[in-house]
Amino acid sequence: MTMRWRSLLAAGVLALGLAGCAGVYKPGGANIGGARLDDTPRIAVISAFEPELKLLLGRLQGPAKHSVNGVEFTTGTLEGKPVVLFLSGISMTNATMNTQVVLDRFRITSIVFSGIAGGVNPQLHVGDVTVPAQWGQYLEVLMARETAPGKFAAPAFITDAKMPNFGMMHPRPVEVRSAAKPGIERKFWFEADPKMLEVARSIRNVDLANCSAGKCLARKPQLVVGGNGVSGQAFMDNKAYREYTFKTFQANVLDMETAAVGMVAYSNGVPYIAFRSLSDLAGGGEGENEMGTFMGIAADNSAKVMLAFLAAWK
């Protein structure tokens, strides 16, 4: 047999071997196929980190745990509704990734987020619970070139940076695709489901706490449904940028996850809503940031309103 034919034969054997192995290798025994873990139609209940989910896990009936990529998903029943509870993780990439995981691995009918946020609207106070009608990604920005002292301009080919800027930072919409619109769409606001908002507006008589661990707020917290929320990758504790955020986006609150969850929900055609309670004023308060002091009050207030929503949701 000539050297050429030996080489061809060896290549053919190798190709057959690789073809036979396709889809077999599973490092660490991981379930690469991503099979659905549970076939019951459920509401996905999300929080970013453990203190926000603590009260809800304590109320969950019939808990059963599943794990995907190190994230724990707990199925059960809340207020008579089948749910799956989990932590998105803090910030936009974690929230995006793990919201898609829950949609892929469970049969999700709708998404509900419960957690804390920084207050932006000066009319709102720590402990208040907000349910915005839409969420945008306020830190999706162009970092513009300084063309003169204090003057910044976008390149000619960037035509969607039309919102007021904060120095070199020019907000832009994000590009998104969805089942309903498979082409690229530029979108800033991701709207909460109108039917879910209607139910949220019907909530009455939730006893929102104003004291925790010996720390009390000066006023009784209130529930505010409607308006705007914004999300981004930064923990915000800056008075000037807070004022800009309110003026530019008319935002009631800001956080680090909800707009990412809203974008994934939009892309998959799944209704969503978010409940966020103010733990701090994002730099607008006197002295040190208030989050460490009032996080417990805010987390529990958000969870209480969310539970009232689940009880009313049909």
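In case you missed it, the structure is sitting above this.
Residues numbered from 1 in each chain as written. Predicted model: local features only at pLDDT ≥ 70, side-chain atom pairs only at ≥ 80, totals over all residues. Heavy atoms only, no water.

**Q** Explanation requested: the pairing of strand E2 (residues 61-68) in the structure shown.
**A** Both faces of the sheet carry side chains from a regular strand, because those side chains alternate between them. Relative to strand E3 (residues 71-78), E2 runs antiparallel, the two sharing six bridges. Among the inter-strand pairings, serine 67 is bridged to a residue of E3, identified as glutamate 72. Hairpin connection, E2 to E3: the antiparallel pair is bridged by two residues, and asparagine 69 has positive phi, about 55°. (Pairing = 2+ DSSP bridges. Helix = DSSP H or I, 4+ residues; strand = E, 2+ residues; numbered from the N terminus.)

**Q** How do you make sense of the layout of surface pockets when you look at a structure like this?
**A** Once rolled over the atoms, a probe with the size of a water molecule shows which space is left empty. Looking at the largest pocket, its volume works out to about 220 Å³. Forming the walls of the largest pocket are 18 residues, and the residues nearest its centre are Ile116, Phe235, Asp255, Met256 and Met291. At the level of secondary structure, the elements contributing two or more residues to the lining of the largest pocket comprise strand E5 (106-119), strand E19 (251-255) and strand E20 (272-280). Of the residues that constitute the lining of the largest pocket, the class distribution is 11 nonpolar, two polar and five charged. (1 Å grid on protein atoms, 1.4 Å probe; cavity = no way out; pocket = protein on both sides within 12 Å on 5 of 7 lines; lining within 4 Å. Points joined across faces, edges and corners; volume = space filled by probe spheres on them. Nonpolar A, V, L, I, M, F, W, Y, C, P; charged D, E, K, R; others polar.)

**Q** Sorry if this is basic, but what is going on with the state of the cysteines here?
**A** Simply put, disulfide is the name for a covalent bond between the sulfur atoms of two cysteines. Per the stated rule, a full pass over the model turns up one disulfide. Note on cysteine connectivity: cysteine 211 is disulfide-linked to cysteine 216, with sulfurs 1.9 Å apart. Its torsion about the S-S bond being 115°, the disulfide of cysteine 211 and cysteine 216 is classed as right-handed. A residue is classified by how much of its surface remains accessible, and cysteine 211, at 39% relative accessible area, is partly exposed. (Disulfide = S-S within 2.5 Å. Buried < 20%, exposed > 50% of the residue type's maximum accessible area, 1.4 Å probe, protein only.)

**Q** Help me understand the packing of helix H3 (residues 92-105) against helix H6 (residues 258-268) in this model?
**A** At their nearest, the axes of H3 and H6 sit 8 Å apart, and the two run at 35° to each other. Here the hand of the crossing between H3 and H6 comes out right-handed. Between H3, through Met92, Ala95, Thr96, Thr99, Gln100 and Leu103, and H6, the contact on the second element is made entirely by Ala259, Ala260, Val261, Val264 and Asn268. Considered class by class, the residues forming the contact of H3 with H6 number seven nonpolar, four polar and no charged. (Axes fitted to C-alpha atoms, helices over the stretch in contact; angles between N-to-C directions. Left-handed = near helix turned anticlockwise from the far one by under 90°. Contact = heavy atoms within 4.5 Å.)

**Q** Looking at this model, I keep getting lost on the environment of leucine 197. Mind explaining?
**A** Relative to the helices and strands, leucine 197 is located in helix H4 (residues 194-201). Through-space distance from the C-alpha of leucine 197 to that of tyrosine 272 is 9.4 Å; in sequence the pair is 75 residues apart. The contacts of leucine 197, once residues within four sequence positions are left out, are Val131, Pro132, Ala133, Ala192, Val225 and Ile273.

**Q** What's the story with the packing of helix H2 (residues 50-59) against helix H7 (residues 291-312) in this structure? I'm lost.
**A** For any two helices packed against each other, one specifies the inter-axial angle together with the distance between the axes. Contact pair H2 / H7: the axes reach a minimum separation of 8 Å and the direction vectors enclose 45°. Classified by the interaxial angle, the pair formed by H2 and H7 is oblique. When the axes of H2 and H7 are compared, the crossing they make is right-handed. Listed contacts from H7 to Pro51, Glu52, Leu55, Leu56 and Arg59 of H2 are Met295, Ala299, Asp300, Ala303, Met306 and Leu307. Of the residues that constitute the contact of H2 with H7, the class distribution is eight nonpolar, no polar and three charged. (Parallel < 35°, antiparallel > 145°, perpendicular 65-115°, else oblique.)

Fair warning: the whole summary comes from geometry, so function is off the table for now.
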